[in-house]
Amino acid sequence: MKLKKTGIIVGVSNRHVHLSKEDLEVLFGEGYELHPIKDLKQPGQYAAEEVVTLVGPKGKIERVRVLGPVRKETQIEISQTDAFKLGVKPPVRDSGDLDGTPGIKIIGPKGEVETKKGLILAKRHIHMLPEDAEKYNVKDKDLVYVAIEKGDRKLIFGDVLIRVSPKYALEFHVDTDEANAALIKTGDEVFIVEEF
C-alpha cells in the first residue's frame, strides 16, 4: 500500500447541534445571540457557550454543545452510540444533506423544538483548500481511503468524502465512535491512500 507523503490532522467531532435563527430564538429567547467560547479549526466556526438537551423515544442526552454561527436549517450530528441511547435511526449523510432525515426534540432553557428533519450521522470527510486538493490530486466530492498508521489499531477508513472550498482549513473529521475504534484523537495524523 502506498500513502500520500503529507499527513492530515484529525479533528474528532463530538455530538453537536447547528441551529437556525428561528429555532435558536425558540430555545433561548427572542433576539438571542450565541456566545462563542472557542474557535474551531474551520474558519468562522466556533463552539458556543449554549447547550441543549436532545430527547428521543428511548432516552435523552443533556448538555449537547451548540456550534455557531446560525445556519439556514437546524442540523443535529450524533454518533451511532448516541443514536442507540436516544432510540433513533439517523442516516449517514454529508453536512447539509438533510432531505429525508428524521427529526428530534431539542430542549433549551426557554422552549423546545420538534424538528421535522436534520438528525444525521456525519459522513467522515476531509476539509481542504483548493491548493490542498491540487497537492493531493483530488477534487470536491471525491471519495478516498484514509489510513491510520500509528498505535495498536492501524486501519483504513473507506468512503471518506473530500470537501474543497477556499473557506476551509485542512482537517479530517470523524465522530467519537470512529475515533475511539481507531484509538485516534484530535491532533493525530492520517494519510490518504494513493494505491493499494
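Residues numbered from 1 in each chain as written. Predicted model: local features only at pLDDT ≥ 70, side-chain atom pairs only at ≥ 80, totals over all residues. Heavy atoms only, no water.

A. Broad picture of the environment of Asp82. Inspection of the secondary structure assignment puts Asp82 in helix 2 (residues 80-86). Separated by 10 residues in sequence, Asp82 and Lys72 have C-alpha atoms that sit 24 Å apart. Excluding anything up to four places from it in sequence, Asp82 contacts Arg15 and Ile61. (Helix = DSSP H or I, 4+ residues; strand = E, 2+ residues; numbered from the N terminus. Contact = heavy atoms within 4.5 Å.)

B. Examining the layout of surface pockets more closely. The space that makes up the largest pocket amounts to roughly 890 Å³. Lining the largest pocket are 35 residues, with Ser13, Leu40, Gln42, Leu67 and His173 positioned closest to its centre. Of all the elements in the fold, those that place two or more residues in the lining of the largest pocket are strand 2 (8-13), strand 3 (16-20), strand 4 (36-39), strand 6 (60-71), strand 12 (125-128) and strand 15 (171-175). With five residues, the top contributor of residues to the lining of the largest pocket is strand 6. Residues of the lining of the largest pocket, tallied by class, amount to 10 nonpolar, 12 polar and 13 charged. (1 Å grid on protein atoms, 1.4 Å probe; cavity = no way out; pocket = protein on both sides within 12 Å on 5 of 7 lines; lining within 4 Å. Points joined across faces, edges and corners; volume = space filled by probe spheres on them. Nonpolar A, V, L, I, M, F, W, Y, C, P; charged D, E, K, R; others polar.)

C. Just the nonpolar core, in detail. Ranked by size, the top nonpolar core spans 23 residues in total, and within it Leu54, Ile78 and Ile106 carry the most contacts. At the level of elements, strand 3, helix 1 (21-28), strand 5 (46-55), strand 6, helix 2 and strand 11 (119-122) are the ones that each hand at least two residues to this core. Tallying contributions element by element places strand 5 first for this core, with four residues. Excluding anything up to four places from it in sequence, Ile78 contacts Arg15, Leu54, Ala83, Leu86, Val88, Pro90, Leu119, Ile120, Leu121 and Asp175. (Core = buried A, V, L, I, M, F, W, Y, C linked by side-chain atoms within 4.5 Å. Buried < 20%, exposed > 50% of the residue type's maximum accessible area, 1.4 Å probe, protein only.)

D. Broad picture of the pattern of salt bridges. In the structure shown here, the tally under the stated rule is 14 salt bridges. Across the pair Asp94 and Arg163 runs a salt bridge, and its minimum N-O distance is 3.7 Å. Placement of Asp94 in the loop between strand 8 (92-93) and strand 9 (105-107) and of Arg163 in strand 14 (residues 155-164) is noted, with a sequence separation of 69 residues between them. For the pair Asp94 and Arg163, one class covers both residues: buried. In this structure, Lys105 and Glu112 form a salt bridge, with 3.5 Å as the shortest nitrogen-oxygen distance. (Salt bridge = Lys/Arg side-chain N within 4 Å of Asp/Glu carboxyl O.)

E. Quick peek at the packing of aromatic side chains. Per the stated rule, a full pass over the model turns up three aromatic pairs. Each ring, one from Phe28 and one from Tyr32, has its centre 5.1 Å from the other, and the planes form 25°; the classification is stacked. (Phe/Tyr/Trp six-rings, centres within 6.5 Å; stacked < 30°, edge-to-face > 60°.)

Take it as geometry only, folks, not as evidence of what the structure does.
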